[in-house]
Amino acid sequence: MIAHTQQRCMSIGAAWRFTCLGLFIMTVLAFPQAANAAVPTQSITAPAAGAMVSGAAVTLTCSVSGSPKITRVDFQVDATVVSQVTVNPSLSSIVVSVTWNSASVANGSHTVSCRGFNGSAGTWSSRTITVDNAPPTSLAVSAPVGGSWIRGVTTFTIGASDAVSLVSSMSW
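Residues numbered from 1 in each chain as written. Predicted model: local features only at pLDDT ≥ 70, side-chain atom pairs only at ≥ 80, totals over all residues. Heavy atoms only, no water.

Draft legend 1. How the structure looks around unusual backbone geometry. Omega for the bond connecting Ala 46 with Pro 47 falls within 30 degrees of zero, at 0°, which places this linkage in the cis form. Assignment of secondary structure puts Pro 47 in the loop between strand 5 (41-46) and strand 6 (52-53). Residue Ser 67 is joined to Pro 68 through a cis peptide bond whose omega torsion reads 10°. You will see that Asp 78, though not glycine, has its phi angle at about 50°, which is positive. Positionally, Asp 78 belongs in the loop between strand 8 (72-77) and strand 9 (80-86). With a relative accessible area of 35%, Asp 78 lands in the partly exposed category. The residue Ala 79 is not glycine, and still its phi comes out positive at about 70°. Accessibility expressed as a relative area gives 64% for Ala 79, which makes it exposed. (Helix = DSSP H or I, 4+ residues; strand = E, 2+ residues; numbered from the N terminus. Buried < 20%, exposed > 50% of the residue type's maximum accessible area, 1.4 Å probe, protein only.)

This is the structure in structure tokens:
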């Protein structure tokens, strides 16, 4: 705030520049800016670190807390934002989940991250996961031999392999 006597003073150009003739008193008051908001803390809680994911409905979950209250949570995969969620600003702590389509990236290792906002942006909380949307690359039945007649209890021997990950189960 600037206060001065009104004795032939005129503003010239930019704010805070005055040309005055005569005796005057000028008081300049400085007001401190509000303290910066504390940076929120966050943690990506799903999927688990090292998880194998696939499909159109992979759940990404982030837990965020901060003061002042949280206003938004962002999710990213490999440094590309995949979702921004605006949240109720009356909450200082929140858990947010979104659904992500893993087919939007290539099979292999990827980094999923989240961060919260409350006027300040938090740092990214990240973890590495593996996307595997490809079917097994080979499937072979080695017993019983093709063309065999079977009856009673029979043991089948089946093998499968995958270019991205280990085959963990098979069903038929």
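Draft legend 2. A look at a nonpolar patch on the surface. A grouping of Val 141, Ile 150 and Phe 156 is seen on the molecular surface, where their side chains present a nonpolar patch of about 280 Å² in accessible area. Mapped onto the elements, Val 141 comes out in strand 13 (residues 138-143). Judged by its relative accessible area of 54%, Val 141 falls in the exposed class. (Patch = residues over 30% accessible without salt bridge, like charges linked within 9 Å, V, L, I, M, F, W, Y side chains within 5 Å. Areas by Shrake-Rupley, 256 points an atom, 1.4 Å probe, with all protein chains shown as cover. Salt bridge = Lys/Arg side-chain N within 4 Å of Asp/Glu carboxyl O.)

Draft legend 3. View of the sheet that holds strand 5. Read from one edge to the other, the open sheet built from three strands follows the order 5-7-10, with strand pairing classed as antiparallel. Looking at which strands have only one partner, the edges of the open sheet turn out to be strand 5 and strand 10 (93-100). Each adjacent strand pair in this sheet contributes to an overall mean axis angle of 20°, direction not counted. Strand direction decides the pairing type here: strand 5 and strand 7 (residues 58-65), joined by five bridges, are antiparallel. Across the sheet, residue Ile 44 finds its bridge partner in strand 7, namely Cys 62. (Pairing = 2+ DSSP bridges. Axes fitted to C-alpha atoms, helices over the stretch in contact; angles between N-to-C directions.)

Draft legend 4. Geometry of the environment of Ala 121. With respect to the secondary-structure elements, Ala 121 resides in the loop between strand 11 (108-117) and strand 12 (125-131). Judged by its relative accessible area of 36%, Ala 121 falls in the partly exposed class. With 81 residues separating them along the chain, Ala 121 and Pro 40 place their C-alpha atoms 7.0 Å apart. Residues in contact with Ala 121, not counting those within four places in the same chain, are Val 39, Pro 40, Arg 115 and Gly 116. (Contact = heavy atoms within 4.5 Å.)

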